[in-house]
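Survey of secondary and tertiary structure
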Amino acid sequence: MRRIQKWQVCFLACGFLVLITLNGLAQPKESDSFKFSMSVLTEVTDNRDSSADKESNIDVYLWPRISKESSPDVTKVKFYYAPSYRYRTNPAEIQNENELMQDVGISIDQNTTPRLNLRLYERFNKTDDPAIHDNRVDRPDSSYMLNRVEGGANYQLADKVSSIDLSANNTLKQYDKSIVARTSDEDSTGGNATYWREVQEDMGFLLNAGLTQYNYENYTGFDRGLRTMFGGVGLEKVVSQELRYGLRAGFTKADYNDNALGSETAPFGEVSFQMYTIPSFRINGGAGFSLRNADVYPFSSQREKHVNAGVEWDTTAKVTCGGGVGYHIGEYDDNSLPPSAFNDPIIAHVAPTIGNRRSGEKKTLVVSASMQYKMTDNSSVKLEHRYEDANSDVDVIYPSFTRNATRLMVVKEF
């Protein structure tokens, strides 16, 4: 991984997209939309760093957000910038009492012809808040930047019931501290192709294929990188106005950069649903299994299973209650462990403790509940509690932990 060049690419991409947006802002139309909001958020937690050694803490955030959406005649441009200032009552020795974090994003959607649509999306984050995101735990001992870019094209075929979608993406995550970057930096680039066809008025069928290259730091002579290729089929069904579901299944092949590991192939499957029992009560969920890149150093891949569900209920015109649960299991074995991994000084240091363990599981559980009250058309207050539990017998870098956090957020739109 070449860190300086990647940073330059990210900033150049962000700058180019912002210039496009600013050009649109300079020539506003009546249908253009500009919004500004301010949020004040307080979080009380019993585990500041999502670590085994719990430290309680209170964080206070000031969170302004500006957004701009252009008229959707031919090209729709959406842009937002949401920096946040955080005050921490009990910072660790390596943390700042005051911290400024960044969040900026832009999307461009263009109908070049009645049948061809082009899209481009980018989001950049600079933060140091540890938490479980997408079943993964961010490191608490170093701030990081995360940049995601995706571009694609969708073409409707002449039969008007089928389409072809092509896309490419890149995700780059880099930690500030070099010792953390050695084990936790990530860089992935991939592409996907999908053929979709409406077989009935309420049913769609799809063929999907893609590949992704994952790269990591290679500083002690072993390479965790891999390339995954997948192919599968899917079904999307609208049962009624109250229920719809989707199914996907296929196979994934992982080719490892380390020649000693070779390659392996495994099936994948996924099911998702959305249900409205009444207009004010909404339920969604899903479950799946697959072979994918690892979340645990020094492994290259994992066989993962996950299940999630969420609910929203508009109890009154002004009150919305919600809740969710997500559970993930990552299975690891020496089929995806580079043979020279234990030559790493970091691994060797903890090897006596873990007994050179070469297989095991990492499990994460996230449960949340919230209530939002709409005070006026432009202001609201939200109370949320979140419980996180990460349990692993193979993760030598990030131990098991539990965390409770309660948030109170007030939002005002201007």
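Scroll up to find the structure.
Only a predicted model underlies this, so the values are computations on that prediction, with no experimental measurement involved. (Residues numbered from 1 in each chain as written. Predicted model: local features only at pLDDT ≥ 70, side-chain atom pairs only at ≥ 80, totals over all residues. Heavy atoms only, no water.)

**Thoughts on the layout of surface pockets**
Here the second largest pocket is characterised by a volume of approximately 290 Å³. In terms of lining residues, the second largest pocket is bounded by K35, F36, S37, S39, W63, R65, S67, A82, M409, V411 and E413. The element contributing the most residues to the lining of the second largest pocket is strand β1 (residues 33–45), with four residues. (1 Å grid on protein atoms, 1.4 Å probe; cavity = no way out; pocket = protein on both sides within 12 Å on 5 of 7 lines; lining within 4 Å. Points joined across faces, edges and corners; volume = space filled by probe spheres on them. Helix = DSSP H or I, 4+ residues; strand = E, 2+ residues; numbered from the N terminus.)

**Describing the packing of aromatic side chains**
In total, this model carries five aromatic pairs according to the counting rule given. Geometrically, the ring pair formed by Y144 and Y175 is tilted, given 5.3 Å between the ring centres and 50 degrees between the ring planes. Here Y144, found in strand β9 (residues 144–156), pairs with Y175, found in strand β10 (residues 162–175); they are 31 residues apart in sequence, far enough to count as distant. Take Y175: its relative accessible area is 2%, and that puts it in the buried class. Ring centres 6.1 Å apart and planes at 75 degrees place the aromatic pair F281 and W313 in the edge-to-face group. On the criterion of sequence distance, the pair formed by F281 in strand β16 (residues 281–293) and W313 in strand β17 (residues 301–314) is long-range, its members being 32 residues apart. According to the relative accessible area criterion, F281 is partly exposed, its value standing at 22%. Here the guanidinium or amino end of R224 rests over the ring plane of Y216, the centre of that ring lying 4.3 Å away. Over the ring of F414 we find K412; its NZ or CZ atom is 6.0 Å from the centre of that ring. (Phe/Tyr/Trp six-rings, centres within 6.5 Å; stacked < 30°, edge-to-face > 60°. Buried < 20%, exposed > 50% of the residue type's maximum accessible area, 1.4 Å probe, protein only. Lys NZ or Arg CZ within 6 Å of the ring centre and 35° of its normal.)

**Some words on a nonpolar patch on the surface**
On the surface, V40, L62, Y85, Y87 and L100 cluster together into a nonpolar patch covering about 420 Å² of accessible area. One can find Y87 in strand β4 (residues 84–88). (Patch = residues over 30% accessible without salt bridge, like charges linked within 9 Å, V, L, I, M, F, W, Y side chains within 5 Å. Areas by Shrake-Rupley, 256 points an atom, 1.4 Å probe, with all protein chains shown as cover. Salt bridge = Lys/Arg side-chain N within 4 Å of Asp/Glu carboxyl O.)

**Looking at the pattern of salt bridges**
Counted according to the given criterion, the structure contains 20 salt bridges. Note that D255 and R227 form a salt bridge whose closest N and O atoms lie 3.4 Å from each other. Residue D255 is found in strand β14 (residues 243–256), and its partner R227 is found in strand β13 (residues 226–240); the two are separated by 28 residues along the sequence. For D255, a relative accessible area of 15% translates into the label buried. In this structure, R248 and E270 form a salt bridge, with 3.3 Å as the shortest nitrogen-oxygen distance. Of this pair, R248 sits in strand β14 while E270 sits in strand β15 (residues 263–278), and the two are 22 residues apart along the sequence. Residue classification places R248 among the partly exposed positions, given a relative accessible area of 28%. With relative accessibility at 36%, the residue E270 sits in the partly exposed group. Overlapping salt bridges, with partners in common, bring together E43, R403 and R407 in one network.

**Focus: the side chain of S67**
Of note, S67 is situated in strand β2 (residues 57–69). Look at S67 and you get buried, because its relative accessible area is 16%.

**Here's the deal with unusual backbone geometry**
Residue P298 is bonded to the preceding Y297 through a cis peptide linkage, with omega at 10 degrees. With respect to the helices, strands and loops of the structure, P298 is situated in the loop between β16 and β17. One non-glycine residue with positive phi stands out, namely S50, at about 50 degrees. With respect to the helices and strands, S50 occurs in the loop between β1 and β2.

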